[in-house]
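# Fold and geometry: a report
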Amino acid sequence: MSTPQIVVHRDKELMAQAAAARLITKIVDAQAARGSASVVLTGGRNGNGLLAALAAAPARDAVDWSRLDLWWGDERFLPEGDPERNATQAREALLDAVDLDPARVHYMPAADGKHDDADAAAEVYAAELAAAARPEDHGPVPSFDVLLLGVGPDTHVASLFPELPGVRETERTVVGVHGAPKPPPTRVSLTLPAIRAAREVWLLAAGEDKANAVAMALSGAGEIQTPAAGAYGRQRTLWLLDAPAAAQLPRGLYPPASP
Ligand SMILES: O=C1O[C@H](COP(=O)(O)O)[C@@H](O)[C@H](O)[C@H]1O
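Under the annotation held in an unreviewed UniProt entry, the protein carries the name 6-phosphogluconolactonase and is attributed to Streptomyces hiroshimensis. Its UniProt record, at the heading Pathway (unreviewed entry), says of the protein: "Carbohydrate degradation; pentose phosphate pathway; D-ribulose 5-phosphate from D-glucose 6-phosphate (oxidative stage): step 2/3." If you open the UniProt record of the protein and go to Catalytic activity (unreviewed entry), you find "6-phospho-D-glucono-1,5-lactone + H2O = 6-phospho-D-gluconate + H(+)".

This paragraph deals with the site of the ligand. Residues in contact with the ligand amount to 14 residues; listed here are only the nearest, Gly43, Gly44, Arg45, Gly150 and Gly152. Contributions of two or more residues to the shell around the ligand are made by α2 (44-56) and β4 (74-76). No other element matches the four residues that α2 contributes to the shell around the ligand. Of the residues belonging to the shell around the ligand, the class tally is one nonpolar, nine polar and four charged.

Successive residues of a regular strand alternate their side chains across the two faces of the sheet. Burial runs high along strand β3 (residues 68-72): four of the five residues are buried. Bridge count for strand β2 (residues 37-41) against β3 is five bridges, and the pairing is parallel. Within β3, the position partnered with alanine 37 by the bridge is leucine 68.

What follows deals with the packing of helix α1 (residues 12-34) against α2. Axis separation between α1 and α2 bottoms out at 8 Å; the angle between their running directions is 65 degrees. The pairing of α1 with α2 is recorded here as roughly perpendicular in orientation. Note that α1 runs across α2; the crossing there is right-handed. Taking contact as the criterion, the partners of Lys12, Ala16, Gln17, Ala19, Ala20, Leu23 and Ile24 in α1 are, on α2, Gly49, Leu50, Ala53 and Leu54. Broken down by class, the residue content of the contact of α1 with α2 amounts to eight nonpolar, two polar and one charged.

Bringing unusual backbone geometry into the picture now. Cis rather than trans, the peptide bond between proline 183 and proline 184 has omega equal to -5 degrees. For proline 184, the position within the fold is in the loop between β6 (174-177) and β7 (187-190). Of note in the backbone geometry, alanine 158 takes a positive phi value of approximately 50 degrees without being a glycine. Looking at the element boundaries, alanine 158 is found in the loop between β5 (146-150) and α5 (165-168). For glutamate 163, which is not a glycine, the phi torsion comes out positive at approximately 70 degrees. Among the secondary structure elements, glutamate 163 is positioned in the loop between β5 and α5. When the 11 C-beta atoms within 10 Å are taken as the criterion, glutamate 163 is described as exposed.

This next bit is on the sheet that holds strand β1 (residues 4-9). Backbone-to-backbone hydrogen bonds pair the strands of a sheet. The strands run either parallel or antiparallel. The sheet built from six strands is open, its strands ordered β1-β9-β8-β5-β2-β3 with parallel pairing. Where the open sheet ends on each side, the last strands, each with one partner, are β1 and β3. Each strand axis lies, on average, 20 degrees off the axis of its neighbour in the sheet, ignoring direction. Where α2 meets the sheet, its contacts fall on β2, β5 and β8 (200-205), and the angle it forms with β5 comes to roughly 130 degrees.

In this structure, Leu149, Val151, Leu203, Leu204 and Leu241 are the most contacted members of the largest nonpolar core, which totals 78 residues. Counting residues per element, this core draws most heavily on α1, which supplies seven residues. For leucine 203, the contacting residues outside a window of four places in its chain are Leu149, Val151, Val157, Ala228, Ala231, Trp239 and Leu240.

Next up on the list: the packing of α2 against helix α3 (residues 86-93). Direction vectors running N to C along α2 and α3 enclose 25 degrees, while the axes themselves pass 8 Å from each other. As far as their axial angle goes, α3 and α2 are roughly parallel. For the crossing formed where α2 meets α3, the hand is right-handed. Of the residues in α3, those touching α2 at Asn48, Leu51, Ala52 and Ala55 are Gln89, Ala90 and Ala93. Counted by class, the contact of α2 with α3 contains five nonpolar, two polar and no charged residues.

Rules behind the numbers
Residues numbered from 1 in each chain as written. Predicted model: local features only at pLDDT ≥ 70, side-chain atom pairs only at ≥ 80, totals over all residues. UniProt positions renumbered as here; feature names shortened; annotations may be inferred. Near = placed C-beta within 6 Å. Helix = DSSP H or I, 4+ residues; strand = E, 2+ residues; numbered from the N terminus. Nonpolar A, V, L, I, M, F, W, Y, C, P; charged D, E, K, R; others polar. Buried ≥ 20, exposed ≤ 12 C-beta atoms within 10 Å, placed from the backbone. Pairing = 2+ DSSP bridges. Axes fitted to C-alpha atoms, helices over the stretch in contact; angles between N-to-C directions. Parallel < 35°, antiparallel > 145°, perpendicular 65-115°, else oblique. Left-handed = near helix turned anticlockwise from the far one by under 90°. Contact = placed C-beta atoms within 7 Å. Core = buried A, V, L, I, M, F, W, Y, C linked by C-beta atoms within 7 Å.

This is the structure:
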């Protein structure tokens, strides 16, 4: 478990640009060190904001996109191409504009008839993760270089919502989620053990509607009631915030916002 580090930016645009720059550097470094990199994407406003900032960054050309594995932390269980799917939004924000190897883009299954339900889809994705894991990894998932998570106003991360069964899961790496309080109710999500296999976990939150969630997660709350509190990386846990989202944090916890 790594101790959370907190970085506060002036506003959400700057936060997205700084996170995109940080991610480019991380991918380039991982590719230089190991030949390839792996990133787990998140949906939501901040995740898509980061991808859009990455698409606009001139330094994006420093990344060898063909040597990048992309995974998802969660997905809304909807038909392929549905505008509400995290994958559809990620494609629009960035993925369709870069030269990815399609075999390395690991979409979560869609509700397309091939997969009966979200539980079956979760099993399929867990098997895909297990097949990509190597003996030196930490369990049946790859050691992701960076796993991105948006933080919901209710403290959910991926599709692990407070008190629902998914956040209590200790064995499986992927679960079907039913009755999510945020639409759509049926989803597929990595579990906390899978999230914690990542080298680095970056949590993104912007806007005053996230301030209470951020303060709860960083003040020692339990992960069942506050899933974001249970999301950490093996080497690093980074909270990337804008000033409104950090507004309820004790001031001593983080350095001044970037100008
Ligand atoms: O539904 C979801 O919500 C969270 C948070 O989204 P945000 O818009 O409040 O930032 C997101 O991280 C997750 O991937 C998504 O499925």
